[in-house]
Each structure stands twice: as C-alpha cells, then as structure tokens.
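Listed below are the residues making up each chain.
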Amino acid sequence: MLTTIADDHPLETTADVRRKAIDDWLPITSSRNAKWWYSAFHNVTAMVRACVLSLPYAMAHLGCNRTGPN
C-alpha cells in the first residue's frame with residue numbers, strides 16, 4: 001500500500017511510515033553523550049541487583065532463618 005506523506009515527498013510504503021513514526025517517538029538521538037563506563041556500571045548493577053534481591057528468597061527456602069531455636 002502506498003501513501004503520500006506530503007506533495008514534496010515521494011510515495012512511501014506503510015512500513016516506511018511506521019518506521020518513521022517509531023523513530024520519531026524514540027528518545028534515542030545522536031546527541032546522547034553516554035560513555036562506555038555508564039553502560040558497564042548499569043549492566044553490573046542490574047546483575048548484582050537481581051542476585052541481591054533473590055538472596056533472601058533462596059536463603060528462606062534453604063531453611064536459614066534468624067529466629068534461632070524455639
């Protein structure tokens with residue numbers, strides 16, 4: 001299916017229109033100035049957070065508790 005964007009633009013397919021709409025919506029632009037260590041730090045904290053949050057669950061199911069003998 002061909003659609004007209006504007007009179008000065010050639011005909012574009014629906015996939016081109018959809019791709020342009022997604023590209024316009026995404027906040028990723030060439031003006032971002034992220035360094036490699038930002039990504040590395042984010043990846044490390046994401047992995048550590050998953051382990052730290054699952055540790056109490058794992059310890060509880062292993063039978064480790066802090067209540068002591070009753």
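Bear in mind the structure is a predicted one, so any value in this text is a computation, not a measurement.

Scanning the chain from terminus to terminus reveals two helices and two strands. Moving toward the C terminus, one meets the helices and strands of the chain in the order β-β-α-α.

Once that is clear, we can look at the pattern of salt bridges. Enumeration over the complete set of coordinates arrives at one salt bridge. Measuring nitrogen to oxygen at the nearest pair gives 3.1 Å for the salt bridge that ties Asp-16 to Arg-19. You can see Asp-16 and its partner Arg-19 sitting in helix α1 (residues 14–25), three residues apart, about one turn around the helix. Given a relative accessible area of 31%, Asp-16 falls into the partly exposed group. By relative accessible area, Arg-19 is classed as partly exposed at 48%.

This next bit is on the packing of aromatic side chains. For the coordinates displayed, the defined rule picks out two aromatic pairs. Plain terms: the ring middles of Trp-36 and Trp-37 are 5.8 Å apart, the flat faces sit at 80° to each other, and that makes the pair edge-to-face. Measuring from ring centre to ring centre gives 6.0 Å for Trp-37 and Tyr-38, while their planes differ by 75°; the resulting arrangement is edge-to-face. Every member of this aromatic cluster is reached through a ring pair, and the members are Trp-36, Trp-37 and Tyr-38.

With that settled, consider the confidence of the model for the chain. Averaged over every residue, the pLDDT of the chain is 75; the share at 70 or more is 69%. The least confident element of the chain, judged by mean pLDDT, is strand β1 (residues 2–3) at 50; the most confident is helix α2 (residues 36–62) at 86.

This part takes up a nonpolar patch on the surface. A contiguous nonpolar surface patch, about 370 Å² in accessible area, is contributed by Val-44, Met-47, Val-48 and Val-52. Here Met-47 shows up in helix α2.

Cut-off values and rules
- Residues numbered from 1 in each chain as written.
- Predicted model: local features only at pLDDT ≥ 70, side-chain atom pairs only at ≥ 80, totals over all residues.
- Heavy atoms only, no water.
- Helix = DSSP H or I, 4+ residues; strand = E, 2+ residues; numbered from the N terminus.
- Salt bridge = Lys/Arg side-chain N within 4 Å of Asp/Glu carboxyl O.
- Buried < 20%, exposed > 50% of the residue type's maximum accessible area, 1.4 Å probe, protein only.
- Phe/Tyr/Trp six-rings, centres within 6.5 Å; stacked < 30°, edge-to-face > 60°.
- pLDDT = per-residue confidence, 0-100.
- Patch = residues over 30% accessible without salt bridge, like charges linked within 9 Å, V, L, I, M, F, W, Y side chains within 5 Å.
- Areas by Shrake-Rupley, 256 points an atom, 1.4 Å probe, with all protein chains shown as cover.

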